[in-house]
Amino acid sequence: MTQDLFRQDATLPECRATVTALSEAGVVLDRTVFYPLGGGQAGDSGWLVLADGSELLIADTRKVKDEQGQPTADIVHVPAPGQEALLAQLQRGQGVTARLDWARRHRLMRFHTSTHLLCHLVAQPVNGCSITADAARLDFHMTEPLDKDVLNAGLARLVAAALPVTVGAVSDAELDANPALVKSMSVQPPRGSGQVRTIHIAALPGSDLAVDLQPCGGTHVANTAEIGAVVVTKIEKKSAQSRRVVLGFAA
Ligand SMILES: [Zn+2]
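Structural notes, computed from the coordinates. A quick note: this is a predicted structure, and the numbers were derived from the prediction, not measured. (Residues numbered from 1 in each chain as written. Predicted model: local features only at pLDDT ≥ 70, side-chain atom pairs only at ≥ 80, totals over all residues. Heavy atoms only, no water.)

Topic: the sheet that holds strand β5 (residues 46–49)
- Read around the closed barrel, the 6 strands follow the order β2-β3-β7-β6-β5-β8; overall the barrel is antiparallel. Taking the axes of each pair of neighbouring strands and ignoring which way they run, one obtains an average angle of 50° across the sheet. (Pairing = 2+ DSSP bridges. Helix = DSSP H or I, 4+ residues; strand = E, 2+ residues; numbered from the N terminus. Axes fitted to C-alpha atoms, helices over the stretch in contact; angles between N-to-C directions.)

Rendered as structure tokens:
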């Protein structure tokens, strides 16, 4: 099992770790700051720094799958092509420093929190989500058109309000009692441990209602002000029943 340090503290740029397994897929560590692809959010990239200072380039991060194709609690760091010489130096039990490409991860965090703001602005179920370092998209199950200018004004207002973003948890039972908490039709909250991780975005001044509260395993900024200049670049009619909102960084 890989201890997922990013779930409690998404701001950690690196950690010390021990190699627990080496496979064709890559390097498994006992603990990591690298987020594995999931919930629509891309896997992290960065470096594993060896004792002599050499840097093994990591292109992607994934959950290890079992023989049935189900995700396990192990996280594998996928090396970039051409890293064979450094990989050959690695052994089980060896200590490394896992260091994120923090600039890329911070873009992913800004986009991911922005998608939660969109969930506040568009009160419709989500049926698709993709968050990369260059763009994010959210598909809403709806038939009415969406107005780009209205969404951009709404995003700018929520970013300017500098609302705290916090990690919490609800029990499986609380989630069953409040099915409206789950806004995504495409990503199911991770059940089974009795607790489901939630992301809470504080209420606007003068309101008692949280801007957003939903189960989510992704990495987020700590305050909406940290999102900065993220804008809606495109709205597409994906199908009769679906509207796609694409986010990008303002030039
Ligand atoms: Zn999320």
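Here we look at helix α3 (residues 148–160)
- In this model α3 runs 18 Å from its N-terminal to its C-terminal C-alpha over 13 residues, within 8% of the 18 Å that 1.5 Å per residue would give.
- When α3 is considered as a whole, its buried residues turn out to be L151, G154, L155, L158 and V159. Along the axis of α3, the buried positions cluster into a sector of 130°, meaning they face one direction only. Residues of α3 that are exposed and angled more than 90 degrees away from the buried face: D149, V150 and A160.
- Contacts made by the buried residues of α3 are with α2 (102–121), β14 (230–239) and β15 (242–249).
- The distance from a side-chain oxygen at the start of α3 to the backbone nitrogen of D149 is 2.9 Å, and the residue carrying that oxygen is D147.
- A positive phi of about 50° marks A162, the residue just after α3. (Expected span 1.5 Å × (residues − 1). Buried < 20%, exposed > 50% of the residue type's maximum accessible area, 1.4 Å probe, protein only. Arc of directions from axis to C-beta. Contact = heavy atoms within 4.5 Å. Polar contact = N/O pair within 3.5 Å; in protein donor to acceptor, adjacent residues only side chain to side chain.)

Let's talk about the pattern of salt bridges
- Per the counting criterion, the structure on display carries 10 salt bridges.
- Note that R105 and D44 form a salt bridge whose closest N and O atoms lie 2.9 Å from each other. Linking R105 in helix α2 with D44 in the loop between β4 (31–32) and β5, this pair joins segments that are 61 residues apart in sequence. Like R105, the residue D44 is buried in the burial classification.
- The residue D139 makes a salt bridge to R244 at a minimum N-O spacing of 2.7 Å. A residue pair is termed long-range when its members are at least 10 positions apart, and D139 in strand β10 (residues 136–141) and R244 in strand β15 qualify at 105 residues.
- Overlapping salt bridges bring together R137, D139, K238 and R244 as one network. (Salt bridge = Lys/Arg side-chain N within 4 Å of Asp/Glu carboxyl O.)

Some thoughts on the environment of T2
- Along the polypeptide, T2 turns up in the segment before β1 (3–4).
- Considering only alpha carbons, one finds T2 and I75, 73 residues apart in sequence, at a separation of 5.8 Å.
- The contact partners of T2, leaving out residues within four places of it in the chain, are V28, L29, D30, R31, T32, A73, D74 and I75.
- Separated by 2.9 Å, the side chain of T2 and the backbone oxygen of L29 make a polar contact.
- Within the structure, T2 has its side chain in polar contact with the backbone nitrogen of I75 (distance 2.9 Å).

Description of the packing of α2 against α3
- Where α2 meets α3, the closest approach of the two axes is 10 Å, and the angle between their N-to-C directions is 120°. It follows from the interaxial angle that α2 and α3 lie oblique. In this structure, the crossing between α2 and α3 has a hand that is right-handed. Contact with α2, carried on its side by S114, L117, L118, H120 and L121, involves L151, G154, L155, R157, L158 and V159 of α3 and no other residues of that element.
- Here the contact of α2 with α3 is composed, by residue class, of 7 nonpolar, 3 polar and 1 charged. (Parallel < 35°, antiparallel > 145°, perpendicular 65-115°, else oblique. Left-handed = near helix turned anticlockwise from the far one by under 90°. Nonpolar A, V, L, I, M, F, W, Y, C, P; charged D, E, K, R; others polar.)

Some details on the side chain of T32
- The residue T32 is located in strand β4 in this model.
- On the basis of relative accessibility, which here comes to 0%, the residue T32 falls in the buried class.
- A polar contact is formed between the side chain of T32 and the backbone nitrogen of F34, at a distance of 3.0 Å.
- Non-local contacts of T32, meaning those with residues more than four positions away in its chain, are made with T2, Q3, D4, L5, F6, C15, I75, H77 and A98.

Some points on the sheet that holds β10
- Reading across from one edge, β9-β10-β15-β14 is the order of the 4 strands in this open sheet, with antiparallel pairing throughout. For this open sheet the edge positions go to β9 (126–131) and β14, each flanked by a neighbour on one side alone. Here the average twist between neighbouring strands, direction ignored, is 15°.
- For β10 and β15, the ladder comprises 6 bridges, and the chain directions are antiparallel. Each residue of the ladder has a partner; that of D139, found in β15, is R244.
- Lying over the sheet, α2 contacts β9, β10, β14 and β15, oriented at roughly 140° with respect to β15.
- Relative to the sheet, α3 contacts β14 and β15, its axis offset from that of β14 by approximately 140°.

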